[in-house]
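Survey of secondary and tertiary structure
Chain by chain, the residues run as shown.
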Amino acid sequence: MQKTASKSTAWIIVAVVLNALPWFGGPGWIWSALLLGAAAWIRTGKASQWQIVLWALVVCAHTLDNAYVGLGAIPWLIAAFYALLAVWPLFDFSKIKRGYAPYAVIGAFLCLFSLYWTWGRVPGLSSSTFMGGLDLKMQVDANGNSYLGTDYNPTKYLMPIYYPGWDFSGRALNGSFTASLIALAILGWGLWRNEAKRYNTRLLPVVGSVFLLMWSFVALANIYVGPKLFFVGALGLGFYSLMALRGQQAGKFDAADVTARVKAEVGKRTVPR
């Protein structure tokens with residue numbers, strides 16, 4: 001795990017340095033400093049298991065935040081790959097088909113997917129300004145003689161100015177990175193192998209789900225699809241977290257059992273009589 005995590009840190013260092021250049025986007029100097037500090041700590045080999053898992057979640061959240069077509073996104077994608085590879089054995093993916101876990105999987109996917117959709121619009125703005133010009137006028141000199149001359153008129157021409165509006169995604173909102181991180185953390189908690197640690201921390205997913213629901217209210221009333229998809233995903237994560245808090249995460253319906261019943265029923269109907 002440490003060796004694979006170290007590979008992830010190497011690519012994060014490349015990503016942070018590359019994103020510091022003016023023509024690339026990046027996580028900002030605060031997160032850059034934290035990521036570089038965490039990378040140095042992991043490369044010493046002293047990082048604990050939960051610190052590496054937290055590192056993987058943060059790297060994946062930043063990768064989603066910097067998912068654009070271009071050279072700057074490549075180090076993030078490679079770093080996320082190695083980070084997930086390092087923590088992969090800690091998760092039990094067979095849980096995806098059991099109980100209420102599909103609510104967490106679908107809910108996290110909807111939350112992360114919805115942030116790339118439209119969440120609002122900055123309206124267009126019309127304004128105008130004057131441009132000066134010369135006016136041809138009859139002038140009178142000091143001796144009383146008239147002549148044709150020009151005067152500068154600062155308000156001669158009216159020039160309209162239009163600033164077009166634009167749509168913005170959920171990624172443009174404050175808190176979008178935190179929302180991504182919480183959605184990934186709840187999903188990771190649901191797939192965690194260590195049942196004892198999951199039980200001792202079962203209140204955290206509920207708190208995270210409440211934050212996601214409250215955050216989605218920022219733009220829920222508008223006409224756009226993005227916040228509505230996010231709200232549905234947050235509801236799914238909240239429902240799963242509540243069932244887990246009550247000790248019922250195994251669920252009333254097991255997806256594997258349902259699949260077996262469907263296959264059995266299909267088999268009965270296809271048997272020749």
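As a starting point, this report considers the structure included with it. On a predicted model such as this, the values are computed, not experimentally measured, just so you know.

Comments concerning the pattern of salt bridges
Pairing between side chains of opposite charge can happen when their charged atoms approach one another. Counted according to the given criterion, the structure contains 2 salt bridges. Linking Asp65 and Arg171 is a salt bridge whose minimum nitrogen-to-oxygen distance equals 3.3 Å. In this pair, Asp65 is assigned in helix H3 (residues 49-65) and Arg171 in the loop between strand S4 (166-169) and helix H6 (176-191), connecting sequence segments 106 residues apart. Judged by relative accessible area, Arg171 falls into the buried class, the value being 14%.

Quick word on the packing of helix H5 (residues 101-114) against H6
Viewed as axis vectors pointing N to C, H5 and H6 meet at an angle of 165 degrees, and their least axial separation amounts to 9 Å. Taken together, H5 and H6 sit at an angle that is classed as roughly antiparallel. Of the two possible hands of crossing, H5 and H6 adopt the one that is left-handed. Taken together, the residues of H6 that come into contact with H5 (itself represented by Ala104, Val105, Ala108, Cys111 and Leu112) are Ser180, Ala183, Leu184 and Leu187.

Brief notes about the environment of Asn19
When you line up the elements, Asn19 lands in helix H1 (residues 2-19). Take Asn19: its relative accessible area is 6%, and that puts it in the buried class. Sequence-wise, Asn19 and Gly72 are 53 residues apart; in three dimensions their C-alpha atoms are separated by 6.3 Å.

What about H6?
In an α-helix, one full turn covers 3.6 residues, which means residues spaced three or four apart are oriented alike. Helix length check: H6 (16 residues) gives 23 Å between terminal C-alpha atoms against 22 Å at 1.5 Å per residue, within 8%. By the criterion of burial, H6 is predominantly enclosed, with 14 of the 16 residues buried.

Comments concerning the pairing of strand S2 (residues 125-140)
Here 15 bridges tie S2 to strand S3 (residues 146-163), and the two strands are oriented antiparallel to one another. Its bridge partner lying in S3, Phe130 is registered against Leu158. Here S2 folds back onto S3 in antiparallel fashion, the turn holding 5 residues, of which Gly144 has a positive phi close to 85 degrees.

A few points about the environment of Leu64
Its place among the elements puts Leu64 in helix H3. Residue classification places Leu64 among the partly exposed residues on the basis of a relative accessible area of 23%. Along the chain, Leu64 and Phe113 lie 49 residues apart, while their C-alpha atoms are 9.6 Å from each other. Those residues in contact with Leu64 that sit more than four places away from it in its chain are Leu112, Tyr116, Arg171 and Leu184.

The rules we used
- Residues numbered from 1 in each chain as written.
- Predicted model: local features only at pLDDT ≥ 70, side-chain atom pairs only at ≥ 80, totals over all residues.
- Heavy atoms only, no water.
- Salt bridge = Lys/Arg side-chain N within 4 Å of Asp/Glu carboxyl O.
- Helix = DSSP H or I, 4+ residues; strand = E, 2+ residues; numbered from the N terminus.
- Buried < 20%, exposed > 50% of the residue type's maximum accessible area, 1.4 Å probe, protein only.
- Axes fitted to C-alpha atoms, helices over the stretch in contact; angles between N-to-C directions.
- Parallel < 35°, antiparallel > 145°, perpendicular 65-115°, else oblique.
- Left-handed = near helix turned anticlockwise from the far one by under 90°.
- Contact = heavy atoms within 4.5 Å.
- Expected span 1.5 Å × (residues − 1).
- Pairing = 2+ DSSP bridges.

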